[in-house]
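Residues per chain are reported as follows:
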Amino acid sequence: LRFEKAGDALQGTVISPRSGEYKAKSVTLKGDQLEMLVDRTIEGNDVTFVYKGTLKADTLSGTIQLKGLEDQFSGTFKATR
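The following refers to the structure shown. Keep in mind that what you see is a predicted model, and the values were worked out from it rather than measured.

Concerning the pattern of salt bridges
For step 1, the next point in the chain: By the definition in use, this model includes five salt bridges.
For step 2, the next point in the chain: Notably, a salt bridge pairs Glu 21 with Arg 2, separated by 3.0 Å at the nearest N-O pair. Linking Glu 21 in strand β3 (residues 20-23) with Arg 2 in strand β1 (residues 2-6), this pair joins segments that are 19 residues apart in sequence.
For step 3, the next point in the chain: Ionic pairing is found between Glu 35 and Lys 52, a salt bridge with its closest N-O pair at 3.8 Å. Here the residue Glu 35 occupies a position in strand β5 (residues 33-42), and Lys 52 occupies one in strand β6 (residues 45-56), the gap between them amounting to 17 residues.
For step 4, the next point in the chain: According to the relative accessible area criterion, Glu 35 is partly exposed, its value standing at 32%.
For step 5, the next point in the chain: Overlapping salt bridges, with partners in common, bring together Arg 2, Glu 4 and Glu 21 in one network.

Shown next as structure tokens:
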């Protein structure tokens, strides 16, 4: 994950060593709570990944789900600066 400040807003990018970089459609950080939406096309299907996490010191951790398919596809993530 990479985040950059753009004025008063945040921009995010998911970096995958296998498939490249994906810019976030939206990034919201309220207090220590993050929500980020990333659109991708996987095997010809358009999907939106929803990242929700908590920032504690230099660590961001939380869940990843596919919008509309939350009961079928989900996982966790942890990123440290």
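Observations regarding the side chain of Thr 48
For step 1, the next point in the chain: As for its position among the elements, Thr 48 is in strand β6.
For step 2, the next point in the chain: A relative accessible area of 14% means that Thr 48 is categorised as buried.
For step 3, the next point in the chain: Of the polar contacts made by the side chain of Thr 48, one reaches the side chain of Asp 39; its length is 2.6 Å.
For step 4, the next point in the chain: What Thr 48 contacts, discounting residues up to four positions off in sequence, is Lys 25, Leu 37, Val 38, Asp 39, Gln 65, Leu 66 and Lys 67.

Conventions and cut-offs
- Residues numbered from 1 in each chain as written.
- Predicted model: local features only at pLDDT ≥ 70, side-chain atom pairs only at ≥ 80, totals over all residues.
- Heavy atoms only, no water.
- Salt bridge = Lys/Arg side-chain N within 4 Å of Asp/Glu carboxyl O.
- Helix = DSSP H or I, 4+ residues; strand = E, 2+ residues; numbered from the N terminus.
- Buried < 20%, exposed > 50% of the residue type's maximum accessible area, 1.4 Å probe, protein only.
- Polar contact = N/O pair within 3.5 Å; in protein donor to acceptor, adjacent residues only side chain to side chain.
- Contact = heavy atoms within 4.5 Å.

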